[in-house]
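# A closer look at the structure
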Amino acid sequence: MTNRPSALAEPVPDDSLTRPFPGASPYDGYVQASVLNTLQHPLTDAPDEMGFLVTTQVMELWFTLIVHEWRTARVAFAKDDPHAAMSALVRSRRALTALNGAWAPIAALTPAQFNGFRAAFGKASGFQSAMYRHMEFLVGDKSAAMLRAHRGDPVVHEALAETYREPSLYDEVLAFLHRQGLHVPLRVRERDVTGPYTSDPAVVDMWRQIYAGPQHHPHLALGELLTDIAELVTRWRFEHVLVVRRAMGAKPGSAGSAGLAWLEKRAARPVFPELWEVRGDV
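As a starting point, this report considers the structure included with it.

Thresholds, definitions, all that
- Residues numbered from 1 in each chain as written.
- Predicted model: local features only at pLDDT ≥ 70, side-chain atom pairs only at ≥ 80, totals over all residues.
- Heavy atoms only, no water.
- Helix = DSSP H or I, 4+ residues; strand = E, 2+ residues; numbered from the N terminus.
- Buried < 20%, exposed > 50% of the residue type's maximum accessible area, 1.4 Å probe, protein only.
- Contact = heavy atoms within 4.5 Å.
- Lys, Arg positive; Asp, Glu negative; His and termini not counted.
- Charge placed at Lys NZ, Arg CZ, Asp CG, Glu CD.
- Core = buried A, V, L, I, M, F, W, Y, C linked by side-chain atoms within 4.5 Å.
- Phe/Tyr/Trp six-rings, centres within 6.5 Å; stacked < 30°, edge-to-face > 60°.
- Salt bridge = Lys/Arg side-chain N within 4 Å of Asp/Glu carboxyl O.

Secondary structure summary: the protein chain contains 15 helices and zero strands in total. For the protein chain, the spread of C-alpha atoms along the three principal axes comes to 80 × 55 × 40 Å. Looking at the protein chain residue by residue over its 282 residues, the buried ones come to 40%. Across the protein chain, contacts joining residues at least 24 apart in sequence account for 71% of those joining residues at least 6 apart. Charge centroids of the protein chain, computed over 29 positive and 31 negative side chains, lie 4 Å from each other.

Moving on, we come to the nonpolar core. One finds Trp70, Leu89, Trp207 and Phe272 to be the most contacted residues of the largest nonpolar core, which totals 61 residues. For this core, the element with the most residues is helix α13 (residues 218–248), which contributes 14 residues. If we skip the residues at most four places from it in the chain, phenylalanine 272 touches Val139, Leu169, Tyr170, Leu226, Ile229 and Ala230. Ranked by size, the runner-up nonpolar core spans five residues in total, among them Phe137, Leu147, Leu160 and Ala161.

Phi at aspartate 80 is positive, roughly 55 degrees, even though this residue is not glycine. Along the chain, aspartate 80 falls in the loop between α4 (49–78) and α5 (82–101). In the Ramachandran plot, phenylalanine 272 falls in the positive-phi region, its phi being about 55 degrees despite a non-glycine side chain. For phenylalanine 272, the location among the structural elements is in the loop between α14 (260–267) and α15 (273–277). Under the relative-accessibility criterion, phenylalanine 272 is labelled buried at 1%.

Turning our eyes to something else, we now look at the packing of aromatic side chains. Taken as a whole, this structure holds 16 aromatic pairs when the rule is applied. Ring geometry for phenylalanine 77 versus phenylalanine 176: centroids 5.4 Å apart, planes at 50 degrees, classification tilted. Of this pair, phenylalanine 77 sits in helix α4 while phenylalanine 176 sits in helix α10 (residues 169–179); the two residues are 99 residues apart in sequence, bridging distant segments of the chain. The buried category is assigned to phenylalanine 77, whose relative accessible area is 0%.

Moving on, we come to the pattern of salt bridges. Pairing between side chains of opposite charge can happen when their charged atoms approach one another. Enumeration over the complete set of coordinates arrives at 17 salt bridges. A salt bridge links glutamate 166 to arginine 74; its shortest N-O distance comes to 2.7 Å. Pair noted here: glutamate 166 is in the loop between α9 (154–165) and α10 and arginine 74 is in helix α4, with a separation of 92 residues, a long-range link. Overall, arginine 74 belongs to the buried group, its relative accessible area being 9%. Glutamate 158 is the salt-bridge partner of arginine 165, the closest N and O atoms lying 2.8 Å from each other. Using a relative accessible area of 46% as the deciding quantity, one classes arginine 165 as partly exposed. Exposure remark for glutamate 158: the relative accessible area of 40% places this residue in the partly exposed category. Through salt bridges that share partners, Arg133, Glu136, Asp141, Arg237, Arg266 and Arg269 make up one connected network.

Below you can see the structure in the form of structure tokens.
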């Protein structure tokens, strides 16, 4: 025996892990990491531009997943399949939480750091994201003007137009609850779904009935899950406001918008409004 501490034995690698791949690795074939890692093209030497670019691209991927889950939930509600719908909404809640966390790499940019690369993206602006617009349309925040902005790209425009013309996720929730025996008035069920959803007093009454009932009822669980989602969407919007306020103050936006003032106005728009109104009545 010796007094020297024993070293941990070097693990013996599994042959299957070190055997050369016949081509690209199966991991890369599935995840397409080599493609993803070629999509970052900073236009300046500013050290913060790479973080800004990657953060924005990561957010686009989260938008894509959230839109997928909300569409899945919408179809499931239309088919009266609340289990599948709720499962998709739970998955979207996790994705929204991750989306909100994605602000961290750029949340503390100073004006000088942001100005180091801001001019490089010219008239590009986050509000031009087509996938984020799908998200807005799916929660009922429809806008013909925002749809028109994408007319220059026919493929993107038509895909967005389809989401614009279809009922929102919340429209399908209300239709499902009506079929479950709750009262949603005809004016809501047959509204023009291309317009932005606005609060209706009868829908407030419907949620009031749900929240005044058994506290473990599935309809109340649905209301709380939708409230979670509405809160996370609103938090993302306000995080956007804070990031912009910290990096550029009240300067005009890069695409000609009012910048901070425009974002603040958008952030104040309620998501699933009746779910917030009813909370003061319970």
